[in-house]
Amino acid sequence: MNTLKQAKVGSTVKVVKLHGEGPVKRRIMDMGITKGVEIYIRKVAPFGDPVEVTVRGYELSLRKSDTEMIEVE
């Protein structure tokens, strides 16, 4: 299983599945990250947290813990 955390800077990945429960999963979905959407990895901070991505035409910063819940291909 590949997660968004493992994706390299400059790559574009496609969401396969969201893991997590309740409000955390809902918050990720509310940000526009749903099954089938493409995510471009723009930058990663020096210690890996946060990760800056482009989703549906806008920039978004995600916590490292959130990126571990997003399965990609």
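Residues numbered from 1 in each chain as written. Predicted model: local features only at pLDDT ≥ 70, side-chain atom pairs only at ≥ 80, totals over all residues. Heavy atoms only, no water.

Quick word on the pattern of salt bridges
Inspection of the entire model under this criterion finds five salt bridges. With a shortest N-O distance of 3.1 Å, Lys5 and Glu68 are connected by a salt bridge. Here Lys5, found in the segment before β1 (12-18), pairs with Glu68, found in the loop between α2 (64-67) and β5 (70-72); they are 63 residues apart in sequence, far enough to count as distant. Classification of Lys5 by relative accessible area gives partly exposed; the value is 43%. Judged by relative accessible area, Glu68 falls into the partly exposed class, the value being 39%. Across the salt bridge formed by Arg42 and Glu59, the nearest N and O atoms sit 3.3 Å from each other. Residue Arg42 is located in strand β2 (residues 38-44), and its partner Glu59 is located in strand β4 (residues 58-62); the two are separated by 17 residues in the primary sequence. Residue classification places Arg42 among the partly exposed positions, given a relative accessible area of 32%. (Salt bridge = Lys/Arg side-chain N within 4 Å of Asp/Glu carboxyl O. Helix = DSSP H or I, 4+ residues; strand = E, 2+ residues; numbered from the N terminus. Buried < 20%, exposed > 50% of the residue type's maximum accessible area, 1.4 Å probe, protein only.)

Focus: the confidence of the model for the chain
When pLDDT is averaged along the chain, the result is 92, and 100% of the positions lie at 70 or above. Between the elements of the chain, mean pLDDT differs from a low of 90, seen in α2, to a high of 95, seen in β1. (pLDDT = per-residue confidence, 0-100.)

Remarks on the sheet that holds β4
The strand order across the open sheet built from five strands is β4-β3-β2-β1-β5, with neighbouring strands paired in antiparallel fashion. Bordering the open sheet on either side are β4 and β5, each of which pairs with just one other strand. Strand after strand, the sheet turns through a mean of 45° between neighbouring axes, direction not considered. In the sheet, β1 pairs with β2 via three bridges, with the strands oriented antiparallel. When the bridges of β2 are listed, Val13 appears paired with Ile39. (Pairing = 2+ DSSP bridges. Axes fitted to C-alpha atoms, helices over the stretch in contact; angles between N-to-C directions.)

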